[in-house]
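Structural overview
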2 protein chains.
Amino acid sequence: MNEPLEPWMEELLNGASGNSMTEKQSRIFEAAIEIFAEKGYSATSTSEIASRAGVAEGTIFRHYKTKKDLLLSIVAPAMLRLIAPFVLREFKDVLKTEYESFDQFIAAMIENRLDFLDKNKSLMKILLQELPFHPDLREQFRKIIFSQVKERVEKVVDRFKEKGQIIDLPTSTVIRLAVSSIAGYIMIRTFYGMEEGAVWDDERERQATIDYIMRGLAPEK
Amino acid sequence: MNEPLEPWMEELLNGASGNSMTEKQSRIFEAAIEIFAEKGYSATSTSEIASRAGVAEGTIFRHYKTKKDLLLSIVAPAMLRLIAPFVLREFKDVLKTEYESFDQFIAAMIENRLDFLDKNKSLMKILLQELPFHPDLREQFRKIIFSQVKERVEKVVDRFKEKGQIIDLPTSTVIRLAVSSIAGYIMIRTFYGMEEGAVWDDERERQATIDYIMRGLAPEK
DNA sequence: TTGTGAAGTGAGTAATCACTCATTTAGGCG
DNA sequence: CGCCTAAATGAGTGATTACTCACTTCACAA
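Residues numbered from 1 in each chain as written. Chains lettered and ligands numbered in written order. Predicted model: local features only at pLDDT ≥ 70, side-chain atom pairs only at ≥ 80, totals over all residues. Heavy atoms only, no water.

1. Regarding the packing of helix α2 (residues 23-39) of chain A against helix α5 (residues 67-82) of chain A
A pair of packed helices is characterised by two quantities: the angle between their axes and the separation of those axes. Residue and element names in this part refer to chain A. Selection rule: Axis definition: a line fitted to C-alpha atoms, limited for helices to the stretch in contact. Angles are taken between N-to-C directions and run from 0 to 180 degrees. The way it works is that DSSP assigns letters per residue, a run of H or I at least four long becomes a helix, a run of E at least two long becomes a strand, and they are numbered from the N terminus. Angles are sorted into four bins: roughly parallel if under 35 degrees, roughly antiparallel if over 145, roughly perpendicular if 65 to 115, and oblique for all others. It only takes one pair of heavy atoms within 4.5 Å for two residues to be counted as in contact. Think of it as three bins: nonpolar holds Ala, Val, Leu, Ile, Met, Phe, Trp, Tyr, Cys and Pro, charged holds Asp, Glu, Lys and Arg, and polar takes everything else, Gly as well.
Between α2 and α5, the least distance of the axes is 10 Å, while the angle of their chain directions is 90 degrees. Taken together, the axis directions place α2 and α5 in an arrangement best described as roughly perpendicular. Within the contact between the two elements, α2 uses Ile28, Phe29, Ala32, Ile33 and Phe36 and α5 uses Lys67, Leu70, Leu71, Ser73 and Ile74. Residues of the contact of α2 with α5, tallied by class, amount to eight nonpolar, one polar and one charged.

2. With respect to the interface of chain B and chain A
What counts here: A quick way to say it: buried area is the sum, across both parts, of accessible area lost when two parts are put together, with a 1.4 Å probe. A pairing counts as a salt bridge when a side-chain nitrogen of Lys or Arg comes within 4 Å of a carboxyl oxygen of Asp or Glu. The term polar contact refers here to a pair of N or O atoms within 3.5 Å; inside protein, the definition further demands a hydrogen-donor-capable atom paired with an acceptor-capable atom, and it admits residues adjacent in sequence only when both atoms are side-chain atoms.
Facing the 36 residues of chain B at the interface are 36 residues of chain A. For the chain B and chain A pair, buried surface summed over both sides reaches about 3,000 Å², with 56% attributable to carbon and sulfur atoms. In terms of surface lost to chain A, no three residues of chain B exceed Phe133, Arg176 and Tyr212 of chain B, which account for 24% of the buried area on that side. Put simply, chain B and chain A have two salt bridges between them. Among the ionic pairs, Glu205 of chain A bridges to Arg176 of chain B, the shortest N-O distance being 2.7 Å. Our count for the contact surface shared by chain B and chain A stands at twelve residue pairs in polar contact (both at pLDDT 80 or more).

3. Here we look at the environment of Ala107 of chain B
Summarising the element assignment, Ala107 of chain B is placed in helix α8 (residues 102-119). Distance from Ala107 of chain B to Ile182 of chain B, taken between C-alpha atoms, is 9.8 Å for residues 75 residues apart in sequence.

4. Observations concerning the protein's contact with DNA strand D
Heads up, the rule is: Only heavy atoms are used to decide nearness, and a residue is near a molecule or strand if one of them lies within 4 Å of it.
Near DNA strand D you find 18 residues, and of these Thr46 and Lys67 of chain A together with Lys24, Thr59 and His63 of chain B are the closest. Within 4 Å of the protein, the contacting atoms of DNA strand D are drawn from sugar and phosphate to the extent of 62%. His63 of chain B has a polar side-chain atom sitting 2.8 Å from a phosphate oxygen of DNA strand D. Taken together, the elements giving at least two residues each to the surface near DNA strand D come down to α3 (46-53) and α4 (57-63) of chain A together with α4 (57-63) of chain B. The residue inventory of the surface near DNA strand D, partitioned by class, reads three nonpolar, ten polar and five charged.

5. Observations concerning the relation of the copies chain B and chain A
To go from the first copy of the chain to the second, apply a rotation about an axis and then a shift along the same axis. The line we're drawing: We place the copies in one frame by least squares, fitting the C-alpha atoms of every residue whose pLDDT is at least 70 in both.
Rotating chain B by 180 degrees about the axis while translating it 0.0 Å along that axis superimposes it on chain A, leaving an RMSD of 0.0 Å. Seen this way, the second copy is the image of the first under a two-fold rotation axis. When C-alpha distances to the rotation axis are compared across chain B, the minimum falls at Gly216 of chain B, with a value of 2.2 Å. An overlap of 100% is found between the interface residues of chain B and their copies at the interface of chain A, pointing to a shared contact surface.

6. So, the pattern of salt bridges
Residue and element names in this part refer to chain A. Where we set the bar: Burial classes follow relative accessibility: with a 1.4 Å probe on protein chains only, a residue under 20% of its type's maximum area counts as buried, one over 50% as exposed, and anything between as partly exposed.
Per the counting criterion, the structure on display carries 24 salt bridges over all chains. When the shortest N-O distance is used, the salt bridge between Lys150 and Glu154 registers 3.6 Å. Of this pair, Lys150 and Glu154 both sit in helix α10 (residues 135-162), four residues apart, roughly one helical turn. Residue classification places Lys150 among the partly exposed residues on the basis of a relative accessible area of 22%.

7. Observations regarding the protein's contact with DNA strand C
For DNA strand C, the set of nearby residues contains 18 residues, the closest of which are Lys24, Thr59 and His63 of chain A together with Thr46 and Lys67 of chain B. Restricting the count to atoms of DNA strand C within 4 Å of the protein gives a sugar and phosphate share of 60%. Lys24 of chain A has a polar side-chain atom sitting 2.8 Å from a phosphate oxygen of DNA strand C. Here a phosphate oxygen of DNA strand C sits 2.8 Å away from a polar atom, N or O, in the main chain of Thr46 of chain B.

8. What about the layout of surface pockets?
Our working rule: A cavity here means a set of points on a 1 Å grid, drawn over the protein atoms and nothing else, where a 1.4 Å probe fits but cannot get out; a pocket is an open set with protein on both sides within 12 Å along at least five of seven lines, and a residue lines either one if it has an atom within 4 Å of a point. Grid points are joined across faces, edges and corners, and a volume is the space filled by probe spheres set on the points.
Put simply, the second largest pocket is a space of about 260 Å³. In terms of lining, the second largest pocket is formed by 18 residues, of which the most central are Ser42 and Glu130 of chain A together with Ser42, Glu130 and Phe133 of chain B. Contributions of two or more residues to the lining of the second largest pocket are made by α9 (121-130) of chain A together with α9 (121-130) of chain B. Looking at side-chain class alone, the lining of the second largest pocket contains six nonpolar, eight polar and four charged residues.

9. Side note on a negative patch on the surface
Going by this rule: For patch detection, residues must exceed 30% relative accessible area and be free of salt bridges, and they are connected within 9 Å for like charges or within 5 Å for nonpolar side chains (Val, Leu, Ile, Met, Phe, Trp, Tyr). Accessible areas in this description were obtained via Shrake-Rupley with a 1.4 Å probe; residue shielding takes into account the shown protein chains only. Only four residue types enter the tally: Lys and Arg on the positive side, Asp and Glu on the negative side; His and the chain ends are excluded. Lysine's charge is taken at NZ, arginine's at CZ, aspartate's at CG and glutamate's at CD.
Residues Asp103 and Asp211 of chain A together with Asp168 and Glu220 of chain B make up a contiguous surface patch of negative charge. Here Asp211 of chain A is to be found in helix α12 (residues 202-216). With relative accessibility at 32%, the residue Asp211 of chain A sits in the partly exposed group.

10. Details of the nonpolar core
Basically, it comes down to this: Nine residue types can take part in a nonpolar core, namely buried Ala, Val, Leu, Ile, Met, Phe, Trp, Tyr and Cys, and a core is a set of them joined through side-chain atoms within 4.5 Å.
By size, the foremost hydrophobic cluster in this structure holds 130 residues, and its most contacted members are Leu217 of chain A together with Leu217 of chain B. The greatest single-element share of this core, amounting to nine residues, is contributed by helix α8 (residues 102-119) of chain A. Apart from the residues within four sequence positions on either side, Leu217 of chain A is in contact with Phe102, Gln165, Ile166, Ile167, Val174, Leu177 and Ala178 of chain A together with Tyr212 of chain B.

11. Overview of the side chain of Gln25 of chain A
Residues and elements named next belong to chain A. For Gln25, the location among the structural elements is in helix α2. Relative accessible area serves as the criterion here: at 13%, Gln25 is assigned to the buried category. A distance of 3.4 Å separates polar atoms of two side chains, one belonging to Gln25 and the other to Tyr64. In contact with Gln25, not counting residues within four places along its chain, are His63 and Tyr64.

The following block contains the structure:
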């Protein structure tokens, strides 16, 4: 029921990004990512993309029918790569592995997705910025999340619930609480540098977050 | 040290929104909020604002020097109103009141800001969307948060820490954990309707969130 | 070498952009 | 009424927009 791994997904995953692109095309691709992240999609002109990529403006439209087509070719694969661990066989081990304890599972998830986010900040910024304005994209995202990701995470949570390791709340509530705590940690970590003098002990904060989640979700004694 | 309540704040708070505006100006103001929220600032043209407001395009520039000036006149007061409870005398009671228990305090905060957010969704969407692209706005926001809000919330948390009601973690960590849990609850609640068949028992979810925070921040026995 | 198709070019296009300004309209005061 | 000032107008501005197209360059197989 959740094994389809449709071909268009695979296509998107290795996809556009680097495979069968000419050098100029990938220069366009990279330049677009940079500028979209800097000033937003609407505020970015194709002429600026062309000049930063060092190509003629016409070249952009050889490879991408429209400006929006360029955006989609950037954002759609990024979306899939973000949730890849949940939909791909090769990565599914993260979920398949029988973690003995819930905190090990959470630590693994944080580790895994944090690497990805750190390496793809621009991509994620564009995705986050443009999702509200493109219903088609949003719908695609929603569908994948609900049909692929949600089910699998629910399975893991249910397993830990049965084992008596976490509290007996609705599974969706448990996920919401844990995810929001993790997301909060990631966001603060990402946008750090805002507060000048402050120190951020990453290891300590991460452990505090995991401990917080564990206490919050501990079964009532 | 934190009592200044500078005059420009007061000015912004009653501010632009409805006081000394002609009818056409406030029609422009409202139309701009609508369209900015729908398609984003950059993708919105002044001609569209004019036509939705039912005025000539020139009228916009009678009241606002530039398009960006119009944006700022919307976003700056919204920013202040968002954090008003923390900077205004009249509202400071929320913080001044001696809540006996930490969960009462959190419940009050949620109640208070949720009302506001529900009534100002468009405003908040614009603020969230444009903050990353306007360093001046972001800096203003950052300054107020750190100089006004943070100090006051820290005081409250410290008080509960001294009373032994919450765990002995760095105050900023405690705030981060609680805020991210609350923000998660608010966001899911706000963007609901995404999942069709699902039911959202608001009272239950809110209480679950508060309980989760309380368990997560409970002092080690 | 020559032929062929794809890649790349940049001048050109109509549409739209934010913004200006000379002019008209409207509202209150004497 | 007439007078004044602020509000409102909309045609007009040059700049910029996404996109097109006739053309040139390039890589490579025949």
